[in-house]
Amino acid sequence: MVQEVLINNDDYYVPDANQLITENDTLDNFATSKQKRLLIGSLYSTLQQQTFLAAANVGIYHADAQPAIVPDVFLSLDVQVPQNWWEKQNRCYMVWRFGKPPEVILEIVSNKEGDELGKKLEIYEHMRASYYIVYDQNQQLGEKLLRVYELRGRRYFETSENWLEQVDIGVTLWEGKFEDRQDTWLRWCYQDGNVLSTGDERAEQERQRAEQAEQRTQLLADRLRAMGVDPDNL
C-alpha cells in the first residue's frame, strides 16, 4: 500500500517515488524488461538450428500441490512449446509434462525482497535445474554482480566459471548498446567469449559484409580499368 507521502510541485502533487512499488516478482522495471528481451532474443536469433525453449516471466510448476515459481528467464533444451499453446495445460512450464526441468534458471535482482539467494535457490535446487544464475547489477545482495551455481549431486555449488559446460553456452558481462541504451548487459556467449548476436546485430553484420564485398568488387573493377580492361565486358 502506497503511503500518502506527497511532494509539492507548484501546480500539482506527486507521490514520493520511494513509496511506490516499481518492481516485484510480477512487475518489471524498464531495465530488467530490456535485459530479458536481450537474453531471450539473442537465443532465438542465434540458435536457430537447435531445439530449445526460452522464456521470461513464465511460471514453472515443479512439484505437486506447490505454487508455480516465476523465474526472470529460463532455458530448457530439447523441448518445444506444444502446438496448441492456448490450452490451459500448455500455457506454462509443467515439469511433469516436459519430462525435465529447465537446464538454466536466471534471476535478475531488483531489490532485497526477492530472496534470490535463499528460498528461490532452494526451490531451483530441489527442482534440479542444472544451473542457477543470479545477476545483481545494482549489487543489492553484496559486491558480486554475477553468481553462477552448478548442481552437483543434489546441491548447488557456487562456481567461478561462467561457461555452462552441460549446456554448451556461457554468460558474460558486456559493455555496449542495446535498443539505443548504452549500459552493462548480461549476455550469453560462446566459449571464446564472443556474445550471441541479436537479430539487429546479425542484420548489421550482414549489411557490413555486403558493403565490404561491394567495396572489394569496386576496387577490382577500378584496377582492371587502370589496366585497360573493361570489367563490364568480362
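This text follows the structure it describes.
Parameters at a glance
- Residues numbered from 1 in each chain as written.
- Predicted model: local features only at pLDDT ≥ 70, side-chain atom pairs only at ≥ 80, totals over all residues.
- Heavy atoms only, no water.
- Helix = DSSP H or I, 4+ residues; strand = E, 2+ residues; numbered from the N terminus.
- Contact = heavy atoms within 4.5 Å.
- Buried < 20%, exposed > 50% of the residue type's maximum accessible area, 1.4 Å probe, protein only.
- Pairing = 2+ DSSP bridges.
- 1 Å grid on protein atoms, 1.4 Å probe; cavity = no way out; pocket = protein on both sides within 12 Å on 5 of 7 lines; lining within 4 Å.
- Points joined across faces, edges and corners; volume = space filled by probe spheres on them.

Novice: Which residues make up the side chain of Asp136, and what values do they have?
Specialist: Residue placement: Asp136 occurs in the loop between β8 (131–135) and β9 (146–152). In this structure Asp136 touches Val109, Leu141, Gly142, Lys144, Leu145 and Arg147, once residues within four positions along its chain are discounted.

Novice: Tell me what's going on with the environment of Asp64, and back it up with residues and numbers.
Specialist: The residue Asp64 is located in the loop between β4 (60–61) and β5 (73–77) in this model. The class of Asp64 is exposed, set by a relative accessible area of 74%.

Novice: Could you give an account of the sheet that holds strand β13 (residues 181–189), naming the residues involved and the relevant values?
Specialist: One open sheet accounts for 3 strands, arranged β11-β12-β13; its pairing is antiparallel. Pairing within the sheet leaves two strands with one partner each, and these edge strands are β11 (163–164) and β13. Here β11 runs beside strand β12 (residues 169–178); their pairing, made up of 2 bridges, is antiparallel. Each bridged residue has a counterpart across the sheet, and for Trp163 the counterpart in β12 is Gly170.

Novice: Break down the layout of surface pockets for me, citing the residues and quoting the values.
Specialist: Think of a ball as big as a water molecule: rolled over the atoms, this probe shows where empty space is left. Looking at the largest pocket, its volume works out to about 320 Å³. Around the largest pocket, the lining comprises 18 residues; the ones closest to its centre are Asn29, Phe30, Ala31, Thr32 and Asp183. Broken down by secondary-structure element, the contributors of at least two residues to the lining of the largest pocket are α1 (30–46) and β13.

Novice: Tell me what's going on with unusual backbone geometry, and back it up with residues and numbers.
Specialist: Although it is not a glycine, Asp78 adopts a positive phi angle of roughly 65 degrees. Note that Asp78 resides in the loop between β5 and β6 (93–94). Although it is not a glycine, Asp168 sits at a positive phi angle of roughly 60 degrees. You can call Asp168 exposed: its relative accessible area is 57%.

It is worth stressing that arrangement in space is one thing and function is another; only the former is reported here.
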